[in-house]
Amino acid sequence: MQAFTYLSPTEVVFGKGAQGRTADYVRRYGGSKVLLVYGGGSVVRTGLLDQIKQSLKESDLSFEVFGGAKANPTLEHARDGIRLSIDSGADFVLGIGGGSAIDTAKAIAIGAANPDTDIWEYWSKRKMPVRALPVGAVLTIPAAGSETSNSSVLTNRETGSKRGLSSDLNRPRFAIMNPELTYTLPVYQVACGVTDIMMHTLDRYFNPLDNELTDSIAEALLRTVIAKGSVAIKDTHDYDAMSELMWAGSLSHNGLTGLGGKKDFAPHQLGHELSARFDSAHGATLSAVWGSWARYCLDADVSRFARFGVKVWGLDPTGRTERELALSAIDATVDFFHS
Ligand code: NZQ
Ligand code: ZN
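A brief look at the structure comes next. Quantities reported herein were computed from a predicted structural model and do not represent experimental measurements.

### What to know about the environment of Asp-301
Considering the arrangement of structural elements, one finds Asp-301 in the loop between helix H11 (282-297) and helix H12 (302-311). By relative accessible area, which is 22% here, Asp-301 ends up partly exposed.

### As for the site of ligand 1
Taken together, 32 residues lie around ligand 1, and Gly-40, Ser-100, Ser-149, Lys-162 and His-200 are the ones closest in. Here an oxygen atom of ligand 1 and a backbone polar atom of Gly-40 are 2.7 Å apart. At 2.7 Å, a side-chain N or O of Lys-162 approaches an oxygen atom of ligand 1. When the free accessible area of ligand 1 is taken as 960 Å², the share hidden by the protein chains comes to 89%. If you list the elements that add at least two residues to the shell around ligand 1, you get helix H5 (99-113), strand S6 (151-156), helix H7 (187-205) and helix H10 (266-278). Residue composition of the shell around ligand 1, by class: nine nonpolar, 20 polar and three charged.

### Focus: the packing of aromatic side chains
For the structure on display, the rule yields 13 aromatic pairs. For the ring pair Trp-290 and Trp-293, a centre distance of 6.3 Å and an interplane angle of 40° mean the geometry is tilted. Pair noted here: Trp-290 and Trp-293 are both in helix H11, with a separation of three residues, about one helical turn. Trp-290 sits in the buried class, given a relative accessible area of 0%.

### Some remarks on the side chain of Asn-114
Note on placement: Asn-114 falls in the loop between H5 and helix H6 (120-123). On the basis of relative accessibility, which here comes to 5%, the residue Asn-114 falls in the buried class. Within polar-contact distance, the side chain of Asn-114 engages the side chain of Arg-131 at 2.8 Å.

### Notes on the coordination of the zinc ion (ligand 2)
Asp-196 (OD), His-200 (NE2), His-268 (NE2) and His-282 (NE2) make up the full set of protein donors to the zinc ion (ligand 2), lying at 2.0 to 2.2 Å. Here the donor residues of the zinc ion (ligand 2) share one chain and are spaced in sequence as D-x3-H-x67-H-x13-H. A residue pair is termed long-range when its members are at least 10 positions apart, and Asp-196 in helix H7 and His-282 in helix H11 qualify at 86 residues. For the residue pair Asp-196 and His-282, the accessibility class agrees, reading buried in each case.

Quick notes on the rules
- Residue positions are counted from 1 within each chain, in the order its sequence is given.
- Lettering of chains starts at A and numbering of ligands starts at 1, both following the order in which they are written.
- Thresholds applied to this predicted model are a pLDDT of at least 70 for local features of residues and 80 or more for the giving and counting of side-chain atom pairs; totals over whole chains, interfaces and linings are not thresholded and use all residues.
- Each side-chain value is worked out from all heavy atoms of the structure, with water and hydrogens disregarded.
- To qualify as a helix, a DSSP run of H or I must reach at least 4 residues; to qualify as a strand, a run of E must reach at least 2; elements of each kind are numbered from the N terminus.
- A simple rule labels every residue: compare its accessible area, found with a 1.4 Å probe on the protein chains alone, to the largest value its type can have, and call it buried under 20%, exposed over 50%, or partly exposed in between.
- Summary of the distance rule: residues count as near a molecule or strand when at least one heavy atom falls within 4 Å of that molecule or strand.
- Identification of polar contacts relies on pairs of N or O atoms within 3.5 Å, with a donor-acceptor requirement for protein atoms, meaning one able to donate a hydrogen and the other able to accept it, and with residues adjacent in sequence counted only if both atoms are side-chain atoms.
- Using a 1.4 Å probe, accessible areas were evaluated by the Shrake-Rupley method; residue-level cover was limited to the displayed protein chains.
- Any residue outside Ala, Val, Leu, Ile, Met, Phe, Trp, Tyr, Cys, Pro, Asp, Glu, Lys and Arg is labelled polar, Gly included; the first ten of those are nonpolar and the last four are charged.
- Two aromatic rings from Phe, Tyr or Trp, using only the six-membered ring of Trp, form a pair when their centres are within 6.5 Å; if the ring planes differ by under 30 degrees the pair is stacked, by over 60 it is edge-to-face, and anything between is tilted.
- Ligating atoms shown are N, O and S within 2.8 Å of the metal, or 3.2 Å for Na, K and Ca, and water is not included, meaning a site may look less than complete.

Function cannot be inferred from these measures alone, as they are strictly geometric.
So this is what it looks like as structure tokens:
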């Protein structure tokens with residue numbers, strides 16, 4: 001095992017009706033004036049935004065609302081949110097939705113706490129932030145893992161670049177996770193989410209070091225996501241499947257599945273280039289590049305790909321070479337993405 005530090009401080013509130021406790025958690029983590037950040041409107045249509053506003057009102061917490069974060073959220077939009085946050089005197093930022101809303105909330109929290117620095121200085125890695133407003137998340141899609149991750153990803157349309165900022169300041173104080181909130185997801189978004197969860201795990205799993213416990217956790221997570229993802233795309237109202245996916249999404253990107261290993265996120269970086277250029281859904285870009293990446297890297301560690309085939313895809317190793325198993329494992333993964 002390589003040396004590591006591990007911080008996963010987000011308080012997870014999981015289960016039916018969890019969103020009813022949002023106001024309690026905002027207060028618990030020091031919020032009194034909240035900026036509610038959401039995306040293109042799904043949380044308006046489902047009534048979730050109104051439920052949260054109501055619960056804040058009942059707890060005498062004031063709030064401003066900032067919608068419009070698009071999938072592949074933009075720097076320009078985050079800057080608008082920072083101005084609103086500063087003008088309204090917000091002391092807490094709540095992202096409601098998926099990775100795009102939550103990442104925008106994180107960017108606003110950093111920008112509002114550092115009003116003299118344009119946030120692209122941080123996202124382009126010229127500076128590191130040292131303070132941020134506290135952030136919370138109400139999750140509506142199992143996918144990016146932003147609800148417990150240290151990362152936030154923005155697209156700068158002027159430069160055509162999509163970049164992530166990793167900082168522990170980005171860790172949400174709490175994450176409200178009710179699997180029922182995912183029922184309204186379009187099937188395409190479920191599939192993109194499943195792919196992203198798998199890729200957060202695969203981008204850690206395929207590294208030069210063997211760490212039995214970490215690798216086994218990653219394999220269990222992948223098996224679960226493959227099985228439950230197959231159910232969820234047929235029935236988005238399956239509570240059991242959505243529960244497992246939601247929890248897997250958090251565990252796949254809070255650092256757990258890579259502890260002690262080296263981190264290689266090449267497919268993610270390639271995917272970001274595609275999203276920056278074509279505005280494609282994040283999960284879709286990852287599924288497009290992974291098969292080619294895997295065949296390109298195969299010879300660096302054939303036995304790791306073979307192990308992946310046996311442990312994750314249940315391939316029978318009897319009478320087969322490691323290389324045959326490895327190639328079958330890559331084919332199985334690509335076939336699954338196609339499905
Ligand atoms: O915008 P709204 O109207 O809410 O609709 C969204 C959006 O169209 C919709 N949606 C979400 N929940 C829904 C729903 N529609 C109906 N019912 C619901 N319950 O789904 C679409 C996708 O939402 P988005 O937030 O974009 O999805 P996701 O969670 O996949 O986030 C993608 C973004 O996160 C970044 C990606 O690069 C991309 O920009 N990532 C963030 C990471 C992080 N912060 O740790 C890590 C990831 O690797 C990823 O890079
Ligand atoms: Zn991802």
